[in-house]
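# Chain and residue survey
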Amino acid sequence: MLSLSHFNRQTIKGDIFGALTSTVVALPFALAFGVTSGAGASAGIYCAIITGLFASLFGGTNQQISGPNTGLTVAMVAILTSFVAKSPEHGIAAAFTVVSLAGLFQMLFGFFKLGKYFTLVSYPVISGFTSGIGILIIISQIEPLFGHSLAELEMSLPTLTSTNTLVGLACLLALFVWPQKFSRIVPASIIVVIGATIFYVFSAAQIPVVGAISSELPSFNFPIWHSELAGEMIKSAILIATLSTLDSLMTSLTVDSISNDLHDSDQELVGQGIGNIVAGLFGALPGGGATMRTVTNLRAGGTTPLSGILHALFILAIVLWAGEYTNYIPVAVLAAILIHVGISIIDWNFLKRIHQISLFSVALMISTMIMSVSLGLVTAVLVGVFVANLVTIRRLSEIQLDNIQLHTSEDAKHLSVSEKQLLASMDDNVLLLNISGPIGFGVARGLKQSVSKADQNKALLIDLTDARFVGITSTIAIEEIIVSYQNQGRDILLSSVCQRVRDDFKKVNLLDKIPAEHIFDTRIAALHYLKAKLSP
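Our subject in this report is the structure included herewith. (Residues numbered from 1 in each chain as written. Predicted model: local features only at pLDDT ≥ 70, side-chain atom pairs only at ≥ 80, totals over all residues. Heavy atoms only, no water.)

For the coordinates displayed, the defined rule picks out six salt bridges. Between E232 and K86 there is a salt bridge whose closest N-O contact spans 3.8 Å. Note that E232 is positioned in helix α11 (residues 230–259) and K86 in helix α3 (residues 70–86), a separation of 146 residues in sequence. For K86, a relative accessible area of 49% puts it in the partly exposed group. For E419, the salt bridge is made with R523, and the minimal N-O distance between the two is 3.1 Å. Within this pair, whereas E419 is found in helix α19 (residues 417–424), its partner R523 is found in helix α23 (residues 523–534), the two being separated by 104 residues in sequence. Salt bridges linked by common partners bring E419, D463 and R523 together as one network. (Salt bridge = Lys/Arg side-chain N within 4 Å of Asp/Glu carboxyl O. Helix = DSSP H or I, 4+ residues; strand = E, 2+ residues; numbered from the N terminus. Buried < 20%, exposed > 50% of the residue type's maximum accessible area, 1.4 Å probe, protein only.)

Let's shift gears to the nonpolar core. Ranked by size, the top nonpolar core spans 82 residues in total, and within it I45, F83, I315, V333, L334 and L377 carry the most contacts. Discounting chain neighbours no more than four positions away, the residues touching L334 are P28, L31, A32, V35, V210 and I329. Residues I478, I481, I492 and I514 belong to the second largest nonpolar core, which totals 25 residues. (Core = buried A, V, L, I, M, F, W, Y, C linked by side-chain atoms within 4.5 Å. Contact = heavy atoms within 4.5 Å.)

Let's shift gears to the pairing of strand β6 (residues 492–495). In β6, alternate side chains face the same way, and those of I492 and L494 on one face and L493 and S495 on the other are all buried. Of the strand pairs in this sheet, strand β5 (residues 459–470) and β6 are connected by four bridges, and their pairing is parallel. Its bridge partner lying in β6, I462 is registered against L494. Running through helix α21 (residues 472–487), the crossover from β5 to the neighbouring parallel element β6 is right-handed. As judged from the two bridges shared by β6 and strand β7 (residues 519–520), these two strands associate in the parallel manner. Residue pairing in the sheet places L494 in a bridge with I519 of β7. Note on the crossover from β6 through helix α22 (residues 499–507) to β7: the handedness is right-handed. (Pairing = 2+ DSSP bridges. Right-handed = clockwise from strand over helix to strand, strands pointing away.)

What follows covers the environment of G376. Mapped onto the secondary structure, G376 falls in the loop between α17 (359–374) and α18 (377–401). For G376, a relative accessible area of 24% gives the class partly exposed.

This brings us to the packing of aromatic side chains. In this structure the tally under the stated criterion is seven aromatic pairs. Ring centres of Y123 and F350 lie 6.1 Å apart, and the angle between their planes is 35°; this geometry places the pair in the tilted category. Of this pair, Y123 sits in helix α5 (residues 123–140) while F350 sits in helix α16 (residues 348–352); the two residues are 227 residues apart in sequence, bridging distant segments of the chain. The partly exposed category is assigned to Y123, whose relative accessible area is 46%. Relative to F222, the ring of F220 lies with its centre 5.0 Å away and its plane at 85°, an arrangement referred to as edge-to-face. With relative accessibility at 40%, the residue F220 sits in the partly exposed group. (Phe/Tyr/Trp six-rings, centres within 6.5 Å; stacked < 30°, edge-to-face > 60°.)

On to the environment of V209. Tracing the chain through its elements places V209 in the loop between α10 (188–203) and α11. Here V209 falls in the partly exposed class, since its relative accessible area comes to 24%. Among residues more than four places away in sequence, those in contact with V209 are Y200, N327, Y328, I329, P330 and V331.

Moving on, we get to α11. Between its first and last C-alpha atoms α11 spans 43 Å; for 30 residues at 1.5 Å apiece the expected length is 44 Å, and the two agree. A positive phi of about 55° marks N260, the residue just after α11. (Expected span 1.5 Å × (residues − 1).)

Helices that pack against each other are described as a pair by the angle of their axes relative to one another and the distance between those axes. Running from N to C, helix α8 (residues 163–177) and helix α15 (residues 331–345) point in directions that differ by 40°, and their axes come no closer than 8 Å. When the axis of α8 is compared with that of α15, the two are oblique. Considering only the axes of α8 and α15, their crossing is right-handed. Where α8 abuts α15, its residues N164, V167, G168, C171, L172, L175 and F176 lie against A332, V333, A336, I337, I339, H340 and I343. Among the residues forming the contact of α8 with α15, the class breakdown is 11 nonpolar, three polar and no charged. (Axes fitted to C-alpha atoms, helices over the stretch in contact; angles between N-to-C directions. Parallel < 35°, antiparallel > 145°, perpendicular 65-115°, else oblique. Left-handed = near helix turned anticlockwise from the far one by under 90°. Nonpolar A, V, L, I, M, F, W, Y, C, P; charged D, E, K, R; others polar.)

What follows covers the side chain of S22. By secondary structure assignment, the location of S22 is in helix α1 (residues 9–37). The exposure class assigned to S22 is buried, which follows from its relative accessible area of 0%. Within polar-contact distance, the side chain of S22 engages the backbone oxygen of G18 at 2.9 Å. With residues up to four places along the chain from it excluded, the contact list for S22 reads I65, R293, T296, N297 and H311. (Polar contact = N/O pair within 3.5 Å; in protein donor to acceptor, adjacent residues only side chain to side chain.)

Moving on: a nonpolar patch on the surface. Taken together, the side chains of L104, L108, F111, F112, L114, Y117 and L120 make up a nonpolar region of the molecular surface, amounting to roughly 730 Å² of accessible area. Here L120 is to be found in the loop between α4 (91–111) and α5. Taking relative accessible area as the criterion, L120 reaches 62% and is therefore assigned exposed. (Patch = residues over 30% accessible without salt bridge, like charges linked within 9 Å, V, L, I, M, F, W, Y side chains within 5 Å. Areas by Shrake-Rupley, 256 points an atom, 1.4 Å probe, with all protein chains shown as cover.)

Turning our eyes to something else, we now look at the environment of G91. Looking at the element boundaries, G91 is found in helix α4. With 12 residues separating them along the chain, G91 and I79 place their C-alpha atoms 9.0 Å apart. When sequence neighbours within four positions are dropped, the list of residues in contact with G91 reads F83 and V84.

So, in structure tokens, the structure goes:
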């Protein structure tokens, strides 16, 4: 969050230059995302202004540049199309209400300290999800580039040689061949926009153009709540909030790695949420942290939130005094820019190494990518995360099961010499169940099975010397073991229960099920008790 400490002579020069440089990079993308969304170029421009300003004022990442991006634009296209089809009169207003509602959800994510959890998504899911978005953005630009939708497209000579298509393909080629070393001085996107605009002005070609952006500030739109769209509005808002959160926090992590700084995830979500609330109220697209623009700002010298504020103000100044000139920018050049973005964000690095990666990870990535394109972004993320977590839990459970060992006197290698002697002296009348490490819910079944297979005619000592966490499911499994032994009239004891585990046991009254004299502070004390009890 911006504070007076951010303003100083040492950083202000770098912030100004970073803001100018990132503005040059951001403008073509803001125009392109706005046009693609169907809400108009101004929706993308004012998203960059509003979310850029408020996320910098109230966010938790000093160098963050916020604005429209690929995933959010793809989602907004689907939301606008669906809402307008279902309610032609109120669909657009409902869609922008969703943007504000998404911002409110983001603020709640921040208030409830949920930021750290959004970065725990499996890499194959993120890879498949972003690659799916790349494919969706490419598909969405087929019609602006070729004049036909994907279903109607025929790669015939008249189609490929139309002026609009040739301009777009030439711009696309330029984006790929423009040397990287020159991009640090003048981004390729600016070059193709200027080049295509000059061609349009001097050739008098009849091709679609963006149209002028009004110099008037956007009007305030009151949120509406459409009862018929209520469920869809909440679902869409959660999608927008999740996408913006992931983009913003992933960008924040990138900034941390470059600047050796540490961002505040929860404060960042509050800032992004405020930005999206205001964006929705003024008919702008939803926004989030933009990695390329943020890194550009950072590399150019931006070090404080002032760079993001100036970035937003610079874009506003350009719109107010030069918005009419977008009337000369061909739509085809924006399509080329977005196709280039779509191709770039497909995870080619993962795909090139498919033969080196486990079959499960490959299947998860590809299935998430296919679901993103065919079933929708929400379904893809939910199914991908669910499957990835299930497999992760299974693998962790297998590891945790190694921390559960049932010992007799012969195989209790981890015991001290005196403890081994005590256990051996009881003629195998005692089983020692040693639980160590964190034990989650995935091991509960294995815990019960390991005990049920043992000889339950022996006394059982459950040793928790090395246990630091026992989940509720495993706690209930231990309770069932205790009840089972007690029903058979056998002795069951607990030893070395740390305070954290003891507190968890107390919540379900587990300790009430064992006599106090059968709960010991140390393992050796429990063994001495059993020795005395079993001695003739």
